[in-house]
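The primary structure of each chain is shown beneath.
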Amino acid sequence: MTNHTTLDRLELLRTFIRIVEAGSLSAAAEQLKTTQPTISRRLQALERSLGLQLLQRSTHSMQLTGDGERCYGYGKALLENWQEMEAELLGARDEPRGTLRVQVPHAFGQDQLIAPLSEYLTRHVKVSVEWLLHDRRPDFVAEAVDCAIQIGVVNDPAVVAIPLGEVPRIVVASPILLGTRPLPASSEELARLPWLALRTYYQDEVALTCLADGRSHRFAIEPRLSTDSLYALRNSALAGLGACICSAWIVAQDLAEGRLVQLMPQWQAAPLPVYLIYPYARRYPAKLRLFAELIRQRMPQITGMQPPRTP
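Because the structure is predicted, anything quoted here is derived from the model rather than measured.

Engineer: What exactly am I supposed to notice about the UniProt feature "domain: HTH lysR-type" (unreviewed entry) in the chain here?
Structural biologist: Following the UniProt record, one finds the feature "domain: HTH lysR-type" (unreviewed entry) at residues 8-65. Within the segment residues 8-65, helix and strand shares are 62% and 10% respectively, and the terminal C-alpha atoms sit 23 Å apart.

Structural data, given as structure tokens:
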């Protein structure tokens, strides 16, 4: 008989577990589409390799020994872990396919994120993407969302949160608003201007930090207009309705062409962190893994982004 050290021990273990779960050698042989003598030889080989008796057998009954019970418990867990490892390693080579549902912030998802999205779709032709524009937190289960890009602090312990970068925020206003007045030279002068508010991040108070020395200053505002749309905020500022705190990327061209001016550049609002988030799972499909990999690489290169701060 072939020496047991050359046998596939995992196969012997699979046979033993099938015997236990089927209830007899003959039932296991039928399920494995082999003969009962073959099943018996595999069981004997496993017992010899371990130096243990795993089953008490008689003409009409079969019972696990104490060692057999322990072997069954350990073996079951071992095979499950092995199968998971095989699935993970083989899955890593899978060609991504299917539909990836991604929730993204309205403004960011319509502008800055289209370039990495296009690159992803160009690379992976068997994947389609549902690009869902929402500024609220995602409901991964109810909406079958695979992942989301979230701006702002993540406080959900049930998700993986990968930092992608930060969005600088600056104070801007239109020359129409300022008229012939000089640019504000202090936070007190800034507070006296008409204000616009982005309700998602500030409503009735402005908090600014001095880049030079880290000093902070807060002042109350009574906004002439408050909105949850970054585009509406920008357009209202362009119309001269008030000053506002705005993501630097969305007004970069307006500043360059003089439609807006940055007020007190040495004072800025706290940058907003950007994360890729998705629920914890034991393994992830290739379509999600590859999207996460690409977005982590490309996000810091997007205009108006700065790298995430290290803890």
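Engineer: Help me understand the nonpolar core, please; the structure alone is not making it clear to me.
Structural biologist: Nonpolar side chains tend to gather and get buried jointly when the protein is soluble and globular. Counting 62 residues, the largest nonpolar core has Ile149, Leu190, Trp195, Tyr202, Leu208, Leu276 and Met299 as the members making the most contacts within it. For this core, the leading source of residues is strand S6 (residues 159-173), giving eight residues. Split by domain, this core shows at least three residues from each of two domains, domain 2 (96-166 + 273-301) and domain 3 (168-271). Excluding anything up to four places from it in sequence, Leu208 contacts Val171, Leu190, Arg215, Ser216, His217, Phe219, Ile245, Trp267, Gln268 and Ala269. Listed in part, the 17 residues of the second largest apolar core include Ile17, Ala28, Ile39 and Leu55.

Engineer: What's the story with unusual backbone geometry in this structure? I'm lost.
Structural biologist: Trans is the common state for peptide bonds, and a negative phi is the common state for residues other than glycine. At Lys33, a position not held by glycine, the phi torsion is positive, near 55 degrees. Along the chain, Lys33 falls in the loop between helix H2 (25-31) and helix H3 (36-50). Notably, Ala144 is not glycine yet its phi reads approximately 55 degrees, a positive angle. With respect to the helices, strands and loops of the structure, Ala144 is situated in the loop between strand S4 (127-133) and strand S5 (147-151).

Engineer: When you look at the layout of surface pockets in this model, what are you seeing that I'm missing?
Structural biologist: Rolled over the atoms, a probe sized like a water molecule indicates the empty space that remains. When its volume is computed, the largest pocket comes out at roughly 400 Å³. Of all the elements in the fold, those that place two or more residues in the lining of the largest pocket are helix H5 (106-110), S5, S6, helix H9 (230-238) and strand S11 (244-247). The residue inventory of the lining of the largest pocket, partitioned by class, reads 17 nonpolar, nine polar and five charged. Mapped onto the domain boundaries, the lining of the largest pocket takes at least three residues apiece from domain 2 (96-166 + 273-301) and domain 3 (168-271).

Engineer: Is there a simple way to think about the packing of aromatic side chains in this case?
Structural biologist: Each pair of aromatic rings is reported with the distance of its centres and the angle of its planes. Counted according to the given criterion, the structure contains four aromatic pairs. Ring plane angle 55 degrees and centroid distance 5.5 Å describe the contact between Phe108 and Trp249, whose orientation is recorded as tilted. Note that Phe108 is positioned in helix H5 and Trp249 in helix H10 (residues 248-256), a separation of 141 residues in sequence. Pair check on accessibility: Phe108 and Trp249 agree, each one buried. With a centroid separation of 5.1 Å and 75 degrees between ring planes, the pair formed by Tyr278 and Tyr284 is classed as edge-to-face. Exposure class is identical for Tyr278 and Tyr284. Each is buried.

Engineer: Any chance you could explain the pairing of strand S13 (residues 267-279) here in plain terms?
Structural biologist: Within a regular beta strand, the side chains point alternately toward one face of the sheet and then the other, so they alternate between its two faces. Counted residue by residue, S13 has 11 buried out of 13 residues, so it is predominantly covered. For S5 and S13, the ladder comprises four bridges, and the chain directions are antiparallel. Counterpart to Ile151 in the pairing with S13 is Val274. The pairing of S6 with S13 spans nine bridges and is antiparallel. Its bridge partner being in S13, Ala161 is matched across the sheet by Ile277. Alignment of strand S8 (residues 205-210) against S13, held across two bridges, turns out to be antiparallel. Within the sheet, the bridge partner assigned to Thr209 lies in S13 and is Gln268.

Conventions and cut-offs
- In this numbering scheme, every chain counts its residues from 1 along its sequence in written order.
- At least 70 in pLDDT is required for a residue's local features to be given in this predicted model, at least 80 for side-chain atom pairs to be given and counted, and no such filter applies to totals for whole chains, interfaces and linings, which use all residues.
- In computing side-chain values, all of the structure's heavy atoms are included and hydrogens and water are not.
- UniProt positions are given in the numbering used here, feature names are shortened, and annotations may be inferred rather than shown by experiment.
- Comment: elements are numbered from the N terminus, with helices defined as DSSP H or I runs of at least four residues and strands as E runs of at least two.
- Note on terminology: a nonpolar core comprises buried Ala, Val, Leu, Ile, Met, Phe, Trp, Tyr and Cys residues joined through side-chain atoms within 4.5 Å.
- For the exposure calls, accessible area comes from a 1.4 Å probe over protein chains only, and a residue counts as buried if that area is under 20% of its type's maximum, exposed if over 50%, partly exposed in between.
- Domain extents, as shown, originate in an automatic or database domain assignment.
- Here, two residues are considered to be in contact whenever any of their heavy atoms come within 4.5 Å of each other.
- Here a cavity means grid points, on a 1 Å grid over the protein atoms only, where a 1.4 Å probe fits yet cannot get out; a pocket means an open set of points with protein on both sides within 12 Å along at least five of seven lines; lining residues are those with an atom within 4 Å of a point.
- Grid points are joined across faces, edges and corners, and a volume is the space filled by probe spheres set on the points.
- Following the grouping adopted for this structure description, the nonpolar residues are Ala, Val, Leu, Ile, Met, Phe, Trp, Tyr, Cys and Pro, the charged ones are Asp, Glu, Lys and Arg, and the polar ones are all others, Gly among them.
- Each Phe, Tyr or Trp ring (for Trp, its six-membered ring) is paired with any other whose centre lies within 6.5 Å, and the angle between the two planes then decides the class: stacked below 30 degrees, edge-to-face above 60, tilted in between.
- At least two bridges found by DSSP between two strands is the condition for calling them paired.

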